[in-house]
Amino acid sequence: MAYLDHAATTPLLPQALAAMTDELGRVGNASSLHAAGRRARRVVEESREQIAAAFGARPGEVVFTGGGTEADNLAVKGLYSARRGADRRHRVVVASPVEHHAVLDPLHWLADHERAEIVWLGVDALGRVDPAELEAILADRVDEVAFVTVMWANNEVGTVQPVAALAAMCREHGVPFHTDAVQAAGQLRVDFAASQADALTLSAHKIGGPIGVGALLLARGVEVTPLLHGGGQERDVRSGTLDVAAIAGFAAAAEVAAGELSERAARLAGLRDALVDAVRTAVPDARLNGDPDPSGRLPGNAHFSFPGCEGDSLLLLLDARGIECSTGSACSAGVAQPSHVLLALGSDEEMARGSLRFSLGHSSTPADVAALAEAIGPIVERARGARLATTSRARRT
Ligand code: PLP
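Participant: Honestly, the overall build of the protein in this entry has me stumped. Any pointers?
Facilitator: For the protein, the helix and strand inventory stands at 13 helices and 14 strands. Relative to the globule expectation of 21 Å for 397 residues, the C-alpha radius of gyration of the protein, 22 Å, shows essentially globular dimensions. Considering only C-alpha atoms, the protein reaches an extent of 70 × 55 × 40 Å along its principal axes. Counting only residues that meet the buried cut, the protein has 53% of its 397 residues in that class. The long-range fraction of contacts in the protein, counting pairs at least 24 apart against all pairs at least 6 apart in sequence, stands at 74%. Counting only carbon and sulfur atoms, one obtains 53% of the accessible surface of the protein, whose full area is about 16,400 Å².

Below, the structure written as structure tokens:
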């Protein structure tokens, strides 16, 4: 098996599994006052410290959530609602069009239900926003802007955004800045304090931790209106009994990711470059999407369009050979929709539909790349042949 879909989810690290297994055998609600509760609370607080240290935050800035999607929703809806104010003056949200759906869909919801106006930043052919465009918007409409959200690195094409420049600009104008760092964490140095972001999303299962737990890093003094009301956990920002085992697994993975970051990033970049070369050699007309400069993309990301192919057919043919990757296109009512990210980069619908993402992570090896190198040429030829046959049959009928 060659698992080339780490951007979707990563295998659980042994350290995370051990931390979780220990906890799963124990009882204790971290809000209870008795000894079992205090023990669970200690695990949560030590985990909070480990996660804060791994991502350059203070422990008090870590708000645990049920994953990246919840943290994004909390940031988007929570910042909007806290900033909009009684006079509803701050109605504008500035965002990039290549955000994950966990940011895009709550933005659309705010536009549909809360009369928010979303101002979309442009992106170039590599998927990068231009800080000068944000500066112009802030100079013009700063009194109306509720907050700005731009992801640290894109989940499909791996493009890294100029987050530090955008965050510094927002800070200067007194506007909160949120960044979704779900894909950047574990591959790039993500330092919350140094980034100057006010809110930052993390998800454990993208860094070798468990699925279903994440965090919103929230700078001191930044207000968000809660989405979940109840027991008042997480400083009243996110109610709900804490999942101690998942949090312990998240912390163990974060510690490993931070400790191995430089070595891992260099190793992944080497594998990624070998993968890109292999695909280009086997399929000379394959187009690499995103930034061709390795410093501008995630070390573990390679994303290609294969002219004359359907991404879904390629994915299934590769899967039959034990190679797992992703198309990145969402299915809506049974019809494959071209990715909004590729369309924003200027790709046409056909090229967008013929695309595959290969993503590497902590368990990737040269053997994974070698398996793809051997399979991709014949599989692309087969997919092209099948498509030509279907097209000519369709013409005859
Ligand atoms: N944001 C980005 C950039 C992602 O890639 C993902 C998951 O694919 C999410 C948010 C959602 O995270 P989760 O799967 O933890 O809900």
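Moving on from the model shown.
Participant: Would you mind going over the site of the ligand with me for this structure?
Facilitator: What surrounds the ligand is a group of 13 residues, the closest being Thr69, Asp180, Gln183, Ser203 and Lys206. A distance of 3.4 Å is found between an oxygen atom of the ligand and a side-chain nitrogen or oxygen belonging to His100. Take Gln183: an N or O atom from its side chain is 2.7 Å from an oxygen atom of the ligand. Here the ligand, which alone exposes 390 Å², has 86% of that area covered by the protein. Among the elements that line the shell around the ligand, the one with the most residues is helix H3 (residues 68–84), at three residues. Class assignment for the residues of the shell around the ligand results in two nonpolar, eight polar and three charged.

Participant: Would you mind going over the nonpolar core with me for this structure?
Facilitator: Across soluble globular proteins, nonpolar side chains show a tendency to be buried alongside one another. Within the largest apolar cluster, 89 residues are counted, with the highest numbers of intra-cluster contacts made by Phe55 and Val148. Leave out the neighbours within four places in its chain, and Val148 touches Val94, Leu134, Leu138, Cys170, Val175, Pro176, Phe177 and His178. The next biggest cluster of nonpolar side chains, apart from the first, holds 29 residues, and it includes Val276, Val279, Cys325 and Ala383.

Participant: Is there a simple way to explain the sheet that holds strand S3 (residues 92–95) in this structure?
Facilitator: On the basis of which strands lie adjacent, the open sheet formed by seven strands has the order S2-S8-S7-S6-S5-S3-S4 and mixed pairing. The open sheet has two edge strands, strand S2 (62–65) and strand S4 (117–120), and neither has a second partner. Between one strand and the next, the sheet's axes are offset by a mean angle of 20°, whatever the strand orientation. As paired strands, S3 and strand S5 (residues 145–149) are joined by four bridges and run parallel to one another. When the bridges of S5 are listed, Val93 appears paired with Phe147.

Participant: Please explain the sheet that holds strand S9 (residues 287–288) as it appears in this structure.
Facilitator: Two orientations exist for strands paired in a sheet by backbone hydrogen bonds: parallel and antiparallel. Taken together, the three strands give an open sheet; going across it, the order is S9-S10-S14, and neighbouring strands pair in antiparallel fashion. Across the chains shown, the open sheet's two edge strands, defined by having one partner strand only, are S9 and strand S14 (355–359). Across five bridges, the pairing between strand S10 (residues 301–305) and S14 is antiparallel. Bridge pairing in S14 links Phe304 to Leu356. On the sheet, helix H9 (residues 261–282) packs against S9, S10 and S14 and is oriented at approximately 15° with respect to S10.

Participant: Please clarify how the packing of aromatic side chains should be interpreted in this entry.
Facilitator: Here a ring pair, both rings aromatic, is described through the centre-centre distance and the interplanar angle of the planes. Summed over the entire model, instances satisfying the criterion amount to three aromatic pairs. Pairing Phe304 with Phe306 gives two aromatic rings, centres 5.9 Å apart and planes at 35°, and the pair type is tilted. Phe306 matches Phe304 in its accessibility class, with the two residues each being buried. Taken together, the ring pairs in this structure connect Phe304, Phe306 and Phe358 into an aromatic cluster.

Definitions and limits used
Residues numbered from 1 in each chain as written. Predicted model: local features only at pLDDT ≥ 70, side-chain atom pairs only at ≥ 80, totals over all residues. Heavy atoms only, no water. Helix = DSSP H or I, 4+ residues; strand = E, 2+ residues; numbered from the N terminus. Rg over C-alpha atoms; globule rule 2.2 N^0.38 Å. Buried < 20%, exposed > 50% of the residue type's maximum accessible area, 1.4 Å probe, protein only. Contact = heavy atoms within 4.5 Å. Areas by Shrake-Rupley, 256 points an atom, 1.4 Å probe, with all protein chains shown as cover. Near = heavy atom within 4 Å. Polar contact = N/O pair within 3.5 Å; in protein donor to acceptor, adjacent residues only side chain to side chain. Nonpolar A, V, L, I, M, F, W, Y, C, P; charged D, E, K, R; others polar. Core = buried A, V, L, I, M, F, W, Y, C linked by side-chain atoms within 4.5 Å. Pairing = 2+ DSSP bridges. Axes fitted to C-alpha atoms, helices over the stretch in contact; angles between N-to-C directions. Phe/Tyr/Trp six-rings, centres within 6.5 Å; stacked < 30°, edge-to-face > 60°.

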